[in-house]
Amino acid sequence: MTREVHSVEETWALAREIAQMLKPGDIVCLEGDLGAGKTTFTQGLAKALGVGGRVTSPTFCIVQEHRAADPEPGAPSMLVHMDLYRLHGEDDVIAIGWEDYLAQGAVLVVEWPERAGSLIPPGAMHIEFRHTEGDESRLINIVPSETEVPHGRIDSRS
Ligand SMILES: Nc1ncnc2c1ncn2[C@@H]1O[C@H](COP(=O)(O)OP(=O)(O)OP(=O)(O)O)[C@@H](O)[C@H]1O
Ligand SMILES: [Mg+2]
């Protein structure tokens, strides 16, 4: 499913729709160029889940935990935002607490997921961000998880 958005507010609105589908332990991979809107989308998820702390695009911080003060029953109580750009492989990703966060029922929102290699399970959600015409326009493609596609992948992501 590809959606075109025309403002930051529309990106947040789409994030709110996605947030409603998220369960503890889900992994959301955000892909796309610098400035495509991955962190902005994560802000929308955080607002919708009611988790605390400002979502930023930190230069030195690789992982930020955002906890919900008062989570809905069954909803994730923590969003963990990871920007793996500066990491070099799976060992690094485990060292920052990947498995511990999943065991705690966090939702992991991952920028530069390719750094995590095989730690990304087939059931992960992938969302691709692209610039399009207009400064504030973006194409946001929500790729079905591999486990939801009964006859193999429709698109050909490498
Ligand atoms: N429709 C839109 N959706 C998201 N961001 C938008 C939109 N229109 C304009 N922007 C702006 O584009 C920038 C997106 O930056 P953001 O940090 O979200 O990108 P990113 O994909 O996380 O980049 P990086 O790879 O550097 O982390 C922000 O300055 C934001 O205000
Ligand atoms: Mg970012």
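Residues numbered from 1 in each chain as written. Chains lettered and ligands numbered in written order. Predicted model: local features only at pLDDT ≥ 70, side-chain atom pairs only at ≥ 80, totals over all residues.

Draft legend 1. Focus on the overall build of the chain. The secondary structure content of the chain amounts to four helices and seven strands. Start at the N end of the chain and walk to the C end: the helices and strands fall as β-α-β-α-β-β-α-α-β-β-β. Here the C-alpha radius of gyration of the chain, 15 Å, is about what a compact globule of 158 residues would show, namely 15 Å. Within the chain, the proportion of its 158 residues that are buried is 28%. In the chain, once contacts between residues fewer than 6 apart in sequence are set aside, the share between residues at least 24 apart is 66%. (Helix = DSSP H or I, 4+ residues; strand = E, 2+ residues; numbered from the N terminus. Rg over C-alpha atoms; globule rule 2.2 N^0.38 Å. Buried ≥ 20, exposed ≤ 12 C-beta atoms within 10 Å, placed from the backbone. Contact = placed C-beta atoms within 7 Å.)

Draft legend 2. Structural context of the sheet that holds strand β1 (residues 2–5). Reading across the sheet, the seven strands line up as β1-β7-β6-β2-β5-β4-β3 and stay open at both edges, with mixed pairing between neighbours. Of all the strands in the sheet, just β1 and β3 (63–67) have a single pairing partner and so form its edges. Direction aside, the axes of adjacent strands within the sheet are offset by 20 degrees on average. When strand β2 (residues 27–32) meets strand β5 (residues 107–111), the two strands line up parallel, connected through four bridges. Within β5, the position partnered with Ile27 by the bridge is Leu108. Along the sheet, helix α1 (residues 8–19) contacts β1 and β7 (138–143); its crossing angle with β1, the most-contacted strand, is approximately 145 degrees. Relative to the sheet, helix α2 (residues 38–49) contacts β2, β3, β4 (78–83), β5 and β6 (125–131), its axis offset from that of β4 by approximately 170 degrees. (Pairing = 2+ DSSP bridges. Axes fitted to C-alpha atoms, helices over the stretch in contact; angles between N-to-C directions.)

Draft legend 3. Structural view of the site of ligand 1. In the vicinity of ligand 1, 18 residues are found, and the nearest of them are Gly37, Lys38, Thr39, Thr40 and Glu136. Broken down by secondary-structure element, the contributors of at least two residues to the shell around ligand 1 are α1 and α2. Its residues placed into classes, the shell around ligand 1 shows five nonpolar, eight polar and five charged. (Near = placed C-beta within 6 Å. Nonpolar A, V, L, I, M, F, W, Y, C, P; charged D, E, K, R; others polar.)

Draft legend 4. Representation of unusual backbone geometry. Of note in this structure, Trp112 is not a glycine but carries a positive phi near 60 degrees. Counting through the fold element by element, Trp112 comes out in the loop between β5 and β6.

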